[in-house]
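Residue-level structural notes
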Amino acid sequence: MSTTDHTPAVVDSTPDRFPNPGLPPHRPRRADVDERAARRATLQVVTMFTLSALGSIAFLVAYYVIDPQTRGTIIGIGRINLFHAVLGVTMGISLLGIGLGAVHWARTLMPDEEVSEDRHPPAASEEDKQAVARQLSHGWRGSQLNRRSAILGSAGGALGLFALPLVVPVLAGLGPRPRGELYETNWQSGMRLMIDPSGAPIRAADVTQGSVFHVMPEGFVGAAAHELDPEEMMISKGKDQIILVRLDPAKIKSQKQRDWGVDGIVAYSKVCTHVGCPVALYEQNTHHLLCPCHQSTFDMTDDCKVIFGPAKRPLPQLPITVDDEGYIVAADGFREPVGPSFFERNRPGLLKGDDA
Ligand code: FES
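Scoring rules and cut-offs
Residues numbered from 1 in each chain as written. Predicted model: local features only at pLDDT ≥ 70, side-chain atom pairs only at ≥ 80, totals over all residues. Heavy atoms only, no water. Helix = DSSP H or I, 4+ residues; strand = E, 2+ residues; numbered from the N terminus. Buried < 20%, exposed > 50% of the residue type's maximum accessible area, 1.4 Å probe, protein only. Areas by Shrake-Rupley, 256 points an atom, 1.4 Å probe, with all protein chains shown as cover. Contact = heavy atoms within 4.5 Å. Polar contact = N/O pair within 3.5 Å; in protein donor to acceptor, adjacent residues only side chain to side chain. Core = buried A, V, L, I, M, F, W, Y, C linked by side-chain atoms within 4.5 Å. UniProt positions renumbered as here; feature names shortened; annotations may be inferred. Phe/Tyr/Trp six-rings, centres within 6.5 Å; stacked < 30°, edge-to-face > 60°. Lys NZ or Arg CZ within 6 Å of the ring centre and 35° of its normal. Pairing = 2+ DSSP bridges.

1. Quick word on the overall build of the chain
- When helices and strands are tallied, the chain shows seven helices and 13 strands.
- When burial is assessed residue by residue, the chain has 34% of its 356 residues classed as buried.
- Summed over its atoms, the accessible surface of the chain is roughly 22200 Å², and 59% of this surface lies on carbon and sulfur atoms.

Next comes the structure, spelled out in structure tokens:
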């Protein structure tokens, strides 16, 4: 019995080229054969890129000129915020101009050829590399950018300006560079601690164990606050707020905390050292202060050290004393910046009492 080889014979049936699947004959575009049509197409492309650039410039102007609170009525839509509407329209023009310009450029002026390419091994031969280089060079010439520098200039300008509406609002939205504001609060020696929001002063005798007072500096709360510039009032609200509590002096663990308080009454910044939420939830039994934002928890009997959560630093303590009339006053300002950490927070020479 003879053995038979069942392996099918390999037949190379790969055609050299696929037959034409029935594409219509290639017709040159008008811009390919008529220089006037090509110039007209160039002008149209330049116009669209210029329109995009104008949209970007209008966006930036509107961003700085229009009051963000401006409202107006648009027929068919109703009352809307005009600031946002204008930003949306100008950004749309900017995008549309770039998109239409690129599409029109490709359809009318870029090379319009049908090419077929043979299959080949993945590694490119030296010949292929040179062929690619020739094709790129051909494409560059076909794009006519060497002859139509106006398109190159307008496209570059449109793309360059288009980046600005994306970058400028982000940078401008960061707000002014912090100067001294983050290092100091409005608290000063002799300033009374006033109840927020009534603006009433606080007698040490009225602070019973377990009671909690939300406090602002004298002159920055109650009727006096109405005299302030609104921005100044908001900044004060953001950094001067304090929580005042009377603890059992026997439970206070730190000598510094005892020295900076009055018979167990202690005052701490309410601005969370994580990202600045008001730490206002006091748990009387545990003496824990809880930040409602991300649950950082501070131990009031241990100089407000962090015992849980993402905050990394204790809440700063405000030294207090009592004036001749029995009211609680600041013995000094804060000795360190309140609130979250920031660049340069610990730069030598900037903290209070730091002689470096
Ligand atoms: S802001 Fe307080 S825990 Fe995050």
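2. Observations regarding the environment of F342
- Turning to its location among the elements, F342 is positioned in the segment after strand 13 (328–330).
- Residues within four places of F342 in sequence aside, it is in contact with L182, Y183 and P337.

3. Here we look at the side chain of Q317
- Locating Q317 in the fold gives a position in strand 11 (residues 317–318).
- A polar atom in the side chain of Q317 sits 3.2 Å from the side chain of K256.
- Within the structure, Q317 has its side chain in polar contact with the side chain of Y268 (distance 3.3 Å).
- Once residues within four sequence positions are removed from consideration, Q317 is found in contact with K256, Q257, W260, G261, V266, A267, Y268, D303 and F334.

4. What about the nonpolar core?
- Membership of the largest hydrophobic core comes to 25 residues, with the highest contact counts inside it found for W187, L193, L244, I320 and I328.
- For this core, the element with the highest residue contribution is strand 4 (residues 212–217), accounting for three residues.
- Non-local contacts of W187, meaning those with residues more than four positions away in its chain, are made with R192, L193, V215, M216, P217, D240, I242, L318, A330, G333 and F334.

5. Considering the UniProt feature "transmembrane region" (unreviewed entry) in the chain
- Per the UniProt entry, the sites bearing "transmembrane region" (unreviewed entry) are residues 45–66, 86–106 and 150–172 in this numbering.
- A distance of 31 Å separates the end C-alpha atoms of residues 45–66, which is 95% helix and 0% strand.
- Annotated as residues 86–106, this span is 100% helix and 0% strand, and its ends, taken at the C-alpha atoms, are 30 Å apart.

6. Topic: the packing of aromatic side chains
- Overall, the coordinates contain three aromatic pairs when judged by the stated rule.
- Note on F49 and W105: the rings are 6.3 Å apart at their centroids and 90° apart in plane angle, and the pair reads as edge-to-face. Highlighted residues: F49 in helix 2 (residues 35–65) and W105 in helix 3 (residues 82–108), separated in sequence by 56 residues.
- What makes W105 buried here is its relative accessible area of 12%.
- Feature note: the residues Y63, Y64 and F83 constitute an aromatic cluster, connected by ring pairs.
- The ring of W260 is capped by K256, whose NZ or CZ atom sits 4.5 Å from the centre of that ring.

7. Quick look at the pairing of strand 10 (residues 305–308)
- Examined bridge by bridge, strand 9 (residues 297–299) and strand 10 share three bridges and lie antiparallel to one another. Within strand 10, the position partnered with T297 by the bridge is F308.
- Two successive antiparallel strands, strand 9 and strand 10, enclose a turn made up of five residues, where D303 displays a positive phi of approximately 60°.

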